[in-house]
Amino acid sequence: MSKYSKEDIIRLVEEEDVEFIRLQFTDIFGMLKNVAITASQLEKALDNRCVFDGSAIEGFVRDEESDMYLYPDYDTFEIFPWRPQQGKVARLVCDVHRPNGEPFEGDPRYVLKKVLREAADMGYRFQVGPECEFFLFQTDEDGRPTTETHEMAGYFDVVPIDMAENVRRDIVLNLEEMGFEIEESHHEIAPAQHEIDFQYGDGLTIADNIMTFKMAVKTIAKRHGLHATFMPKPKAGVNGSGMHINMSLSNADGVNVFVDEKDPLGMSRTAYQFMAGILAHMKEIVLLTNPLVNSYKRLVPGYDAPIYVAWSAATNRSSLIRIPTSRGDNTRIELRCPDSAVNPYLALAACLGAGLDGIRRELVPPASVDKNIFTMSEEELKQLHIEQLPETLGEAIESFEGSAFVQQILGRHVYTKYLEAKQKEWKKFRAEVTDWEIEEYLYKF
């Protein structure tokens, strides 16, 4: 059932004195885009008559087929609480369509909606709860971001050690005013690192919310004179920022189908199959859950990030997937490798698609690994058949390339454009000479 009708939105814009409306969409690399219109153009936009140049968006279309149309999702209408209260600014999240009215296959939101429909055809609704981490750094005298911070706070610290508590509170209050249900927020392990977790919801809403969350965090941080970054590993020697994804499936009545009270872990056969599907496809989809050269600087031993394809029934945080202790309606699996640089539409589509494939094929996961994998020898890892995640973007590209499963999930257009861009990124990085190389080799050789 829809939250808003066309008439509702027109009335709200008039009653709330909304002057500008941002028609937002996301490119295949997870970058938020928008076309801004005034209230006088709202009815035209709500009738799906707003055109933009798709050839200007990397990964979209060619010059000769550039006209694309934005179809607003009425239920995503929100007013930005941090903007002026006179002449307010609102947004609508949009789907991208071709001139003939067909959905554009290169729209990441379309990719996720397609997999969600497959889940619905199997009788499932995808439920997701993200744990979003980020850093708040100082800016220089020109307002440009740095990696500097005055604070030295750690996990769960409070003021005065946590010097950004007021910033985090401002972020939370603004998000709640936009309808987010924030479960918790706290300082993370590294200095200047923070985490905000919001209530789980259906996959499409959460993907939209992650994009809104990033925009809100960056905007409000800037108001406080800080720069918010979702770069996975902005500083060596400290923990990087992840975005753990908690996942479950419910049926049409909203009942969590991951629950089976007769099972020793309280988990159903469906839950095990879903988890087995993700484990089976993880190396193929890690380019989507960890999309940057920098992502793999986070996935190293010693910094609370998983590097092995395994799961744990215990609270073993060295595993790729762990089962949180909450049971009953809160039974879920937690995927720990993703970082906040992801395109949430593509990452969630890949995770859901992998889980559904596990259910269809009735896959069985390997045995739970309930000891610290980081302390295991190479021989122990081989005996337990524990594989390692790709160690670089280059290795992730190799696992992604040629995957029939990934092509089926993303569609030919997104798969091809995404792969080409990541190959270009890796090639460019390999040609760079880093500061580490200068420090390590210039004097010696």
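Everything below is about the structure printed above this text.
Note that the structure is predicted; figures quoted are calculated from it, not measured.

This structure, assessed with the given rule, holds 19 aromatic pairs. These aromatic residues form a ring-pair network of at least three members: Phe134, Phe180, Phe198, Phe213 and Phe230. Taking the ring centre of Phe230 as reference, the NZ or CZ of Lys214 above it sits at 5.9 Å. Positioned over the ring face of Tyr303 is Lys233, at 3.8 Å from the centre of the ring.

Okay, unusual backbone geometry next. The backbone of Asp304 sits at a positive phi, close to 60 degrees, despite the residue not being glycine. If you trace the backbone, Asp304 turns up in the loop between α7 (295-298) and β13 (308-312). Look at Asp304 and you get partly exposed, because its relative accessible area is 37%. Even without being a glycine, Glu362 presents a positive backbone phi close to 55 degrees. Residue Glu362 is classed as partly exposed on the basis of its relative accessible area, which comes to 49%.

Glancing now at the nonpolar core. Counting residues in each nonpolar core, the largest one holds 105 residues, and the members touching the most others are Phe213, Phe274, Ile333 and Leu410. Residues within four places of Phe274 in sequence aside, it is in contact with Phe126, Met247, Leu249, Phe258, Ile333, Cys351, Leu352, Gly355, Leu356 and Ile359. Core analysis: the next-biggest nonpolar cluster, separate from the first, contains 21 residues, Leu12, Ile21, Ile37 and Cys94 among them.

Over the atoms, a rolling probe the size of a water molecule traces out where space has been left empty. Here the largest pocket defines a volume of roughly 860 Å³. What lines the largest pocket is a set of 45 residues, and nearest its centre among them are Glu131, Asp197, Asn246, Arg332 and Glu334. Contributions of two or more residues to the lining of the largest pocket are made by β7 (125-138), β8 (182-187), β9 (193-198) and β12 (243-250). When grouped by side-chain class, the residues that make up the lining of the largest pocket number 12 nonpolar, 18 polar and 15 charged. Approximately 610 Å³ is the volume found for the second largest pocket. As for the second largest pocket, its lining consists of 25 residues, of which Lys3, Asp75, Thr76, Thr205 and Asn209 are closest to the centre. Residue contributions to the lining of the second largest pocket peak at six residues, all from helix α5 (residues 203-223).

Looking at where Leu287 falls in the secondary structure, it is placed in helix α6 (residues 269-289). Residues Leu287 and Val51, spaced 236 residues apart in sequence, show a C-alpha to C-alpha distance of 31 Å.

Once that is clear, we can look at helix α4 (residues 165-177). Spanning 13 residues, α4 covers 18 Å between terminal C-alpha atoms, matching the ideal 18 Å at 1.5 Å per step. When α4 is considered as a whole, its buried residues turn out to be Val167, Arg168, Asp170, Ile171, Val172, Asn174 and Leu175. Looking one or two residues beyond α4, the residue adopting positive phi is Gly179, at roughly 100 degrees.

What follows is about empty space enclosed by the protein. Scanning the entire structure with this criterion turns up two cavities of 30 Å³ or more. In this model, the largest cavity occupies a volume close to 50 Å³. If you trace the largest cavity, you find it lined by Gln24, Leu32, Arg91, Val93, Asp208, Met211, Thr212 and Tyr345. Counting only elements with at least two residues in the lining of the largest cavity, the list comes to β6 (88-97) and α5.

With that settled, consider the pairing of β7. Most of β7 is tucked away: 12 of the 14 residues are buried. Summarising the sheet, β7 and strand β10 (residues 201-202) pair through two bridges and their orientation is antiparallel. Across the sheet, the residue bridging to Val128 is Gly201, located in β10. Bridge analysis of β7 against β9 gives five bridges, and the strand direction is antiparallel.

Applying the stated criterion to the full structure yields 25 salt bridges. Across the pair Glu78 and Lys3 runs a salt bridge whose closest N-O atoms are separated by 3.7 Å. Of this pair, Glu78 sits in strand β5 (residues 78-79) while Lys3 sits in the segment before α1 (6-15), and the two are 75 residues apart along the sequence. Under the relative-accessibility criterion, Lys3 is labelled partly exposed at 47%. A salt bridge links Asp304 to Arg336; the shortest N-O distance between them is 3.8 Å. Separated by 32 residues along the polypeptide, Asp304 in the loop between α7 and β13 and Arg336 in the loop between β15 (333-335) and α8 (344-360) bring together distant segments of the chain. Connected through shared salt-bridge partners, Asp73, Asp95, Arg109, Lys113 and Asp208 make up one network.

Parameters at a glance
- Residues numbered from 1 in each chain as written.
- Predicted model: local features only at pLDDT ≥ 70, side-chain atom pairs only at ≥ 80, totals over all residues.
- Heavy atoms only, no water.
- Phe/Tyr/Trp six-rings, centres within 6.5 Å; stacked < 30°, edge-to-face > 60°.
- Lys NZ or Arg CZ within 6 Å of the ring centre and 35° of its normal.
- Helix = DSSP H or I, 4+ residues; strand = E, 2+ residues; numbered from the N terminus.
- Buried < 20%, exposed > 50% of the residue type's maximum accessible area, 1.4 Å probe, protein only.
- Core = buried A, V, L, I, M, F, W, Y, C linked by side-chain atoms within 4.5 Å.
- Contact = heavy atoms within 4.5 Å.
- 1 Å grid on protein atoms, 1.4 Å probe; cavity = no way out; pocket = protein on both sides within 12 Å on 5 of 7 lines; lining within 4 Å.
- Points joined across faces, edges and corners; volume = space filled by probe spheres on them.
- Nonpolar A, V, L, I, M, F, W, Y, C, P; charged D, E, K, R; others polar.
- Expected span 1.5 Å × (residues − 1).
- Pairing = 2+ DSSP bridges.
- Salt bridge = Lys/Arg side-chain N within 4 Å of Asp/Glu carboxyl O.

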